[in-house]
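# Structural features, examined
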Amino acid sequence: MTEKATPSPEAITAWARLMRVSRQLVERAEDTLKESGLPPLAWYDVLHELAEAGEGGLRPFQLIERTLFAQYNISRQLARLEADGLVEKLPVADDGRGQTIRITAKGRETRRRMWAVYGRSIAELVGAKLSADELKMMSALLGRLRDPPVLD
């Protein structure tokens, strides 16, 4: 990070636009899921990560690392997903209090149904508005903002 404590006007404009557009895109995707009678987008994120992890599942701390949730949010989220039969909690053999979270067959089906709607939202909200080159450029620029930067 540079020594400058005051952001440039360009940085302020870029930040404000990034925050505003990000919120609007997420809200639109959420609305589409809700209109389709599907769970919230946050559920998709958890189900996706668990599906990607395979039969071994993930520990809660791994889900926190892979999603945008704070620890207290992931605990509530997992309780809701478990109550709906979308995930199961399994004990960890060498850790008496530890748990592994695994997606269920119902969770996989819910994720599939959600993706049909969510994927279409991404295509309409982003893919239809930018060219392939613009999408690559945007992805690369946003990757540079991550900590640590992601260079594709």
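For the structure itself, consult the block above.
A brief look at the structure comes next. None of these values were measured; they are calculated from a predicted model.

### Some points on the overall build of the protein chain
Summing up its helical and strand segments, the protein chain has six helices and two strands in all. Each helix and strand of the protein chain, ordered N terminal to C terminal, gives the series α-α-α-α-β-β-α-α. Based on the C-alpha atoms only, the size of the protein chain along its principal axes is roughly 50 × 40 × 25 Å. Scored against the burial criterion, the 152 residues of the protein chain give a buried share of 24%. Looking at the protein chain alone, contacts between residues at least 24 apart form 52% of all its contacts between residues at least 6 apart. Accessible surface computed for the protein chain: about 10,800 Å², of which carbon and sulfur atoms make up 55%. A distance of 3 Å separates the average location of the 23 positive side-chain charges in the protein chain from that of its 22 negative side-chain charges.

### A few points about the side chain of Ser121
Positionally, Ser121 belongs in helix 5 (residues 105–127). The class of Ser121 is buried, set by a relative accessible area of 4%.

### Here we look at the side chain of Thr67
Positionally, Thr67 belongs in the loop between helix 3 (60–66) and helix 4 (71–83). The exposure class assigned to Thr67 is buried, which follows from its relative accessible area of 9%. A polar contact of 2.7 Å, which involves the side chain of Thr67, links it to the backbone oxygen of Leu63. With sequence-adjacent residues up to four places away left out, Thr67 is seen in contact with Asp45, Glu49 and Ile74.

### What to know about a nonpolar patch on the surface
A cluster of nonpolar side chains, contributed by Trp15, Leu18, Met19, Met138, Leu142 and Leu145, occupies part of the molecular surface with about 590 Å² of accessible area. At the level of secondary structure, the elements contributing two or more residues to the nonpolar patch comprise helix 1 (9–35) and helix 6 (132–145). Counting through the fold element by element, Leu145 comes out in helix 6. Taking relative accessible area as the criterion, Leu145 reaches 62% and is therefore assigned exposed.

### Concerning the packing of aromatic side chains
The final tally for this structure, using the stated rule, is three aromatic pairs. With a centroid separation of 5.6 Å and 85° between ring planes, the pair formed by Trp115 and Tyr118 is classed as edge-to-face. Of this pair, Trp115 and Tyr118 both sit in helix 5, three residues apart, which is roughly one turn of that helix.

### Comments concerning the pattern of salt bridges
Counting across every chain of the model gives seven salt bridges. A salt bridge links Glu27 to Arg23, with the nearest nitrogen and oxygen atoms 3.5 Å apart. You can see Glu27 and its partner Arg23 sitting in helix 1, four residues apart, about one turn around the helix. Taking relative accessible area as the criterion, Arg23 reaches 46% and is therefore assigned partly exposed. Of the charged contacts in the structure, one is a salt bridge between Glu88 and Arg102, with a shortest N-O distance of 2.9 Å. With Glu88 in strand 1 (residues 87–92) and Arg102 in strand 2 (residues 95–103), the pair connects residues that are 14 residues apart, well separated along the chain. By relative accessible area, Glu88 is classed as partly exposed at 28%. In this structure, a network of salt bridges that share partners links the residues Glu55, Glu88, Arg102 and Arg108.

### Digging into the nonpolar core
Val46, Leu47, Leu50, Leu63, Leu78, Leu81 and Met114 are the most contacted members of the largest nonpolar core, which has 22 residues in total. Put simply, the parts of the chain that give this core at least two residues each are helix 1, helix 2 (41–53), helix 4, strand 2 and helix 5. Looking at this core, the element that brings in the most residues is helix 2, giving seven residues. Those residues in contact with Leu47 that sit more than four places away from it in its chain are Leu81, Leu86, Val87, Ile103, Gly107, Thr110, Arg111 and Met114.

### Re the packing of helix 1 against helix 5
Between helix 1 and helix 5, the least distance of the axes is 9 Å, while the angle of their chain directions is 140°. Remark: the crossing between helix 1 and helix 5 carries right-handed chirality. Between helix 1 and helix 5, the contacting residues are Leu25, Arg28, Ala29, Thr32 and Leu33 on the first element and Met114, Val117, Tyr118, Ser121, Leu125 and Val126 on the second. Among the residues making up the contact of helix 1 with helix 5, the classes are represented as eight nonpolar, two polar and one charged.

Here is what the cut-offs are and how they apply
- Residues numbered from 1 in each chain as written.
- Predicted model: local features only at pLDDT ≥ 70, side-chain atom pairs only at ≥ 80, totals over all residues.
- Heavy atoms only, no water.
- Helix = DSSP H or I, 4+ residues; strand = E, 2+ residues; numbered from the N terminus.
- Buried < 20%, exposed > 50% of the residue type's maximum accessible area, 1.4 Å probe, protein only.
- Contact = heavy atoms within 4.5 Å.
- Areas by Shrake-Rupley, 256 points an atom, 1.4 Å probe, with all protein chains shown as cover.
- Lys, Arg positive; Asp, Glu negative; His and termini not counted.
- Charge placed at Lys NZ, Arg CZ, Asp CG, Glu CD.
- Polar contact = N/O pair within 3.5 Å; in protein donor to acceptor, adjacent residues only side chain to side chain.
- Patch = residues over 30% accessible without salt bridge, like charges linked within 9 Å, V, L, I, M, F, W, Y side chains within 5 Å.
- Salt bridge = Lys/Arg side-chain N within 4 Å of Asp/Glu carboxyl O.
- Phe/Tyr/Trp six-rings, centres within 6.5 Å; stacked < 30°, edge-to-face > 60°.
- Core = buried A, V, L, I, M, F, W, Y, C linked by side-chain atoms within 4.5 Å.
- Axes fitted to C-alpha atoms, helices over the stretch in contact; angles between N-to-C directions.
- Left-handed = near helix turned anticlockwise from the far one by under 90°.
- Nonpolar A, V, L, I, M, F, W, Y, C, P; charged D, E, K, R; others polar.

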